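# Results of the structural survey
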Amino acid sequence: MGRTLLGRLGGMLAVLSLVSVLVFLLTRLAAGDPIAVLLGDQASLEDIAQARQRYGLDQPLVSQFMLWLGEVLQGNLGQSIFLQMPVTQVLWERVEPTACLAFLSVSLAMLIGVPCGIVSAVWRGRWIDQCVSTLAMLGASMPSFWMGLMVIQLLAVGAGWFPVSGYGDPGAGWATRIHHLMLPALVLGTLNSALIIRFTRASMLDILSEDYIRTARSKGLSESVVVLKHALLNALVPILTVLGLTLALMIGGAVVTETVFNLPGLGNLVVRAVLRRDYPVIQGALLAIAGVYVIINFVIDVMYVFVDPRVRHA
């Protein structure tokens, strides 16, 4: 087990190293000059040259990368060109809406996906299985921006139950924050529950066909005990995997939903940084999101140890 976890840690470092190189190169290869965007059309060539020198953009790419990597290893992600703030501070101010939205969405997706997947597997081939599978297919194929606009029209504009957009006033309490996040969480949770339904159903079907499940039923155990205790516990490994990946996806990929609902999260920050060619913010945000991905995957690997004894003794 210890050797396995050490191998996972080594893989995390390798992934982050590769991501840092790719992020740096892709931002530099993208069209546009952040200094030209910052200073505007009226700036002279001399002003542009002085600004490029001040931000280190006049140096060779290798030198720029080594300087940035050295700062990253010291915990410094650089200074935003447009916001004139440390990137770590910019990210920290935007992480709360994204993290809260991600956890609310995953919780809702789990509450929908796992029970529906179990029901669909237990009553395989019946009408309820067909209904759940159809809904899962619709959820997997529905664009998030379209559903976001529909729920805004129905539940915010029409019914008036929720705010249309935003994250509340700066001094708002948690109740107000959660109230603003309910609609985007409903969108993300409903759409991402489709994948959880399909994985839960497939995993439960594999377990329900095993011999020890038939043995448990032949002993006279109730169907709920057989399904929840014997089948579900042994089907948790792939379910945990998809739950963790869903959480990571929502933290790093809720750009469209945050834009539709005008949430001041990481996704909205990355979109604005790309439009401004704010290299330090783009690099810092993408590196932080990649770090979240690998940490979540590592936590899932650790959870395998407690869920599946075979992993513990591997």
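Residues numbered from 1 in each chain as written. Predicted model: local features only at pLDDT ≥ 70, side-chain atom pairs only at ≥ 80, totals over all residues. Heavy atoms only, no water.

With that settled, the discussion passes to the overall build of the chain. A count of helical and extended segments in the chain gives 15 helices and zero strands. With the principal axes as the frame, the chain shows a C-alpha extent of 85 × 55 × 35 Å. Here the chain holds 314 residues, and the buried ones make up 37% of them. Accessible surface, the chain: about 17,100 Å² in total, of which carbon and sulfur atoms supply 67%. The chain carries 20 positive and 18 negative side-chain charges, and their two centres are separated by 12 Å. (Helix = DSSP H or I, 4+ residues; strand = E, 2+ residues; numbered from the N terminus. Buried < 20%, exposed > 50% of the residue type's maximum accessible area, 1.4 Å probe, protein only. Areas by Shrake-Rupley, 256 points an atom, 1.4 Å probe, with all protein chains shown as cover. Lys, Arg positive; Asp, Glu negative; His and termini not counted. Charge placed at Lys NZ, Arg CZ, Asp CG, Glu CD.)

Structurally, Ser-105 is set in helix α5 (residues 87–122). Taking relative accessible area as the criterion, Ser-105 reaches 0% and is therefore assigned buried. Contact partners of Ser-105, with chain neighbours within four places excluded, come to Pro-184, Ala-185, Leu-188, Gly-189 and Met-250. (Contact = heavy atoms within 4.5 Å.)

So, on to the domain arrangement of the chain. Here the chain is described as being made up of domain 1 (1–87) and domain 2 (93–308). Taken together, the contacts link 29 residues of domain 1 with 20 residues of domain 2. When the two sides are added together, the surface that domain 1 and domain 2 hide from each other amounts to roughly 2,200 Å², 75% of it contributed by carbon and sulfur. If you look at where domain 1 meets domain 2, you find zero salt bridges. Counting across the interface, domain 1 meets domain 2 through four residue pairs in polar contact (both at pLDDT 80 or more). Sorting the residues of the side of domain 1 that touches domain 2 by element identifies α1 (2–29), α2 (34–39) and α4 (61–73) as the ones contributing at least two each. Tallying contributions element by element places α1 first for the side of domain 1 that touches domain 2, with 12 residues. (Domains from an automatic or database assignment. Buried area = accessible area lost by both parts, 1.4 Å probe. Salt bridge = Lys/Arg side-chain N within 4 Å of Asp/Glu carboxyl O. Polar contact = N/O pair within 3.5 Å; in protein donor to acceptor, adjacent residues only side chain to side chain.)

Moving on, we get to empty space enclosed by the protein. Applying the stated criterion across every chain yields a total of one cavity of 30 Å³ or more. There is about 40 Å³ of room inside the largest cavity. Taken together, Ser-80, Leu-83, Leu-269, Arg-272, Ala-273, Arg-276, Asp-278 and Val-281 make up the lining of the largest cavity. By residue class, the composition of the lining of the largest cavity is four nonpolar, one polar and three charged. (1 Å grid on protein atoms, 1.4 Å probe; cavity = no way out; pocket = protein on both sides within 12 Å on 5 of 7 lines; lining within 4 Å. Points joined across faces, edges and corners; volume = space filled by probe spheres on them. Nonpolar A, V, L, I, M, F, W, Y, C, P; charged D, E, K, R; others polar.)

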